[in-house]
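Fold and geometry: a report
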Amino acid sequence: MSTATTTARPVRPSTPRASALPGVARLGLARTGAELRGFFRERDAVIFVFTYPVIMLAIFATVFDGQEQANGGYGVPFAQYFLPGMLATGIMLTGFQSLAVSIAVERDDGTLKRLRSTPLPAVAYFLGKIGLVLVTAVVQSALLLALAAFAFDVPMPWDMPDGAARVATLAWVFVLGCATGAVCGVGFSSLPRSGKSVTAIVTPVVLVLQFISGVFFAFFALPSWMQTVASLFPLKWMAQGMRSVFLPEQAVALEPSGSWQHGATAAVLVAWLVVGLVVGVRTFRWRRRDDG
C-alpha cells in the first residue's frame, strides 16, 4: 500500500502595505484648519486683524461725517471714499503683515524646523497659509461692508446699475490682492534676523504705505512725488481698484490719471505676485540663521 505524501508550501510572512499619504490638496485643507485654530487662539492677533480696519473706518467716518471728498465740483461722502482704502489695507494686514510676522516667529521658535522633519509637503504648508489669509480676509471684509452699509449708508456695488461688473472687479482685485500680499509676506519673512525684531521691521513699512497709498488721505490730495512713489507698490493699486468698485462712475474724475486703470492695476499686482514668488523661493529658510 502506497502512502501519498503532500509537500506543504512554506508560509511567507505577510508584509504590511504602506498606506499612501493623502493628496496635497487634502493636506493643504487640513493645514488650513490647523492654521485657523492656531490663529483664533491668539486673541491679540484676532482682535487686531479683525477690528483695526473696522475701528478706523468708524472713527474717520464719524469724525468727518457730512464732509465730502470733492474734485471738479463732484463730491463723494467721506465714508464711501474711505471704505475702499480700508478694504485694501485690510487685505494687506491679513496677507503681507500677518504672514511676514507669523512665519518669522515660527522659524525662530523652531516650528518650521519641526514641520520640515515631518512628511508634510512644503506646498501643503504654504497652502495652509494662503487658506488662512483668504478666510480671515473674507471675514474682515464682510465686517467692514456690514458696518459701512448699516451704520453709514454706503451703497454696495451689487445695488448699483452696473452691479455685476463691479462685483466681478471686486472679486479679482480681492483674490489677486490676497495672493500678492501672501507671497510678499512669505518673501519678507526671511528679512528679519529673529522673530523678536520682525514687528519692528514690518509695521513701519505697512504704516508708510498706508499713508502714501490713499488709505488715510484722499489720493488725489497727496503731493505728486508721493503718488509716484506709491505707484511702485501694490497697496495703491488695490485701493484704486476698490475705489472703482464702490465709488460712482463720475468719481473717476477724482483720480489723478482720470481713469480707474484696471489694466495697470492687474499688471502691477501680477508683477508683484511674480516677484514675491521668486524672492520667496530663493530666500525662504526653514531654520534660523544660526541653526545651519
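Here, every reference points to the structure presented above.
Nothing here was measured: the structure is a model prediction, and the numbers come from that model.

1. Comments concerning the environment of Trp158
- Residue placement: Trp158 occurs in the loop between helix H5 (122-152) and helix H6 (163-188).
- Since its relative accessible area comes to 46%, Trp158 is described here as partly exposed.
- Along the chain, Trp158 and Val245 lie 87 residues apart, while their C-alpha atoms are 9.5 Å from each other.
- Each residue touching Trp158, except ones within four places of it in the same chain, is listed here: Leu145, Gly163 and Val167.

2. Some details on the packing of aromatic side chains
- What the rule picks out here adds up to 17 aromatic pairs.
- Look at Phe40 and Phe50: their rings are 6.2 Å apart centre to centre, the planes differ by 40°, and that puts the pair in the tilted class. Placement of Phe40 in helix H1 (residues 24-41) and of Phe50 in helix H2 (residues 43-63) is noted, with a sequence separation of 10 residues between them.
- Take Phe40: its relative accessible area is 44%, and that puts it in the partly exposed class.
- For Phe50, a relative accessible area of 10% corresponds to the buried category.
- Here Phe60 and Phe216 contribute two aromatic rings whose centre-to-centre distance is 6.0 Å and whose plane-to-plane angle is 15°, an arrangement assigned as stacked. Of this pair, Phe60 sits in helix H2 while Phe216 sits in the loop between helix H7 (198-212) and helix H8 (224-230), and the two are 156 residues apart along the sequence.
- Under the relative-accessibility criterion, Phe60 is labelled buried at 18%.
- Seen from the ring of Phe284, Arg107 lies directly overhead, with NZ or CZ sitting 5.3 Å from the centre.
- It is Lys236 that lies over the ring of Trp237; its NZ or CZ is 3.5 Å from the centre.

3. Some details on the nonpolar core
- One finds Leu83, Met242 and Phe246 to be the most contacted residues of the largest nonpolar core, which totals 69 residues.
- Residues in contact with Phe246, not counting those within four places in the same chain, are Gln80, Leu83, Pro84, Leu87, Leu145, Pro155, Met156, Pro157, Met160, Arg166 and Leu170.
- Membership of the second largest hydrophobic core comes to 6 residues, among which are Leu36, Phe39, Val46 and Val49.

4. Some remarks on the pattern of salt bridges
- Counted under the stated rule, the structure contains 5 salt bridges.
- Bridged by salt links that share partners, the residues Arg31, Glu35, Glu106 and Lys129 form one connected network.

5. A look at the packing of helix H3 (residues 78-108) against H5
- Between H3 and H5, the shortest axis-to-axis distance is 10 Å and the interhelical angle comes to 155°. Classified by the angle between their axes, H3 and H5 sit roughly antiparallel to one another. As H3 runs across H5, the sense of the crossing is right-handed. Mapping the contact onto sequence places Ala79, Leu83, Met86, Leu87, Gly90, Ile91, Thr94, Gly95, Leu99, Ser102, Ile103 and Glu106 in H3 and Tyr125, Lys129, Val133, Thr136, Ala137, Gln140, Ser141, Leu144, Leu145, Ala148 and Phe152 in H5.
- Looking at the contact of H3 with H5 residue by residue, the class counts come to 14 nonpolar, 7 polar and 2 charged.

6. Overview of the side chain of Ser190
- As for its placement among the helices and strands, Ser190 is situated in the loop between H6 and H7.
- Within polar-contact distance, the side chain of Ser190 engages the backbone oxygen of Thr283 at 3.0 Å.

7. Here we look at helix H10 (residues 262-283)
- If you check H10, its first and last C-alpha atoms are 31 Å apart, about what 22 residues at 1.5 Å a residue would give, namely 32 Å.
- Buried within H10 are the following residues: Thr265, Val268, Leu269, Leu273, Gly276 and Gly280. The buried residues of H10 occupy an angular sector of 140° when projected down its axis, which confines them to one face. What points out from H10, more than 90 degrees from its buried face, is the exposed set Gly263, Val281 and Arg282.
- Next to the buried residues of H10 lie H6 and helix H9 (234-246).

What counts, and where the lines are drawn
Every chain begins its residue count from 1, and numbering advances along the sequence as written. Local features in a predicted model are, by the rule used here, given only for residues with pLDDT of at least 70; side-chain atom pairs are given and counted only at 80 or more, and totals for whole chains, interfaces and linings are based on all residues. With hydrogens and water set aside, each side-chain value is computed from the structure's full complement of heavy atoms. Helix and strand definitions follow DSSP, with helices as H or I runs of at least four residues and strands as E runs of at least two, each counted in order from the N terminus. Only protein chains enter the accessibility calculation, which uses a 1.4 Å probe. A residue is then buried if its area is under 20% of the maximum for its type, exposed if over 50%, and partly exposed in between. The criterion used for residue contact is that any of the two residues' heavy atoms lie within 4.5 Å. Pairing of aromatic rings covers Phe, Tyr and the six-membered ring of Trp, with a centre-to-centre limit of 6.5 Å; geometry is then stacked below 30 degrees between planes, edge-to-face above 60, and tilted otherwise. Definition used: whenever NZ (Lys) or CZ (Arg) falls within 6 Å of the ring centre and also within 35 degrees of the ring normal, the charge is taken to sit over that ring. Side-chain atoms within 4.5 Å are what join buried Ala, Val, Leu, Ile, Met, Phe, Trp, Tyr and Cys residues into a set we call a nonpolar core. Any carboxyl oxygen of Asp or Glu within 4 Å of a side-chain nitrogen of Lys or Arg constitutes a salt bridge here. To obtain an axis, a line is fitted to C-alpha atoms, over the contacting stretch when the element is a helix, and the angle between two such axes runs from 0 to 180 degrees between their N-to-C directions. Note on angle classes: values under 35 degrees are labelled roughly parallel, values over 145 roughly antiparallel, values of 65 to 115 roughly perpendicular, and the remainder oblique. In a left-handed crossing the near helix is turned counterclockwise from the far helix by less than a right angle, and in a right-handed crossing that turn is clockwise. Only Asp, Glu, Lys and Arg are considered charged, only Ala, Val, Leu, Ile, Met, Phe, Trp, Tyr, Cys and Pro nonpolar, and every remaining residue, Gly among them, polar. Pairs of N or O atoms are called polar contacts if they sit within 3.5 Å, as long as, within protein, a hydrogen donor faces a hydrogen acceptor (for residues adjacent in sequence, only side-chain-to-side-chain pairs). One fewer than the residue count of a helix, multiplied by 1.5 Å, yields its expected span. By arc we mean the arc of the directions from the helix axis to the C-beta atoms, nothing more.

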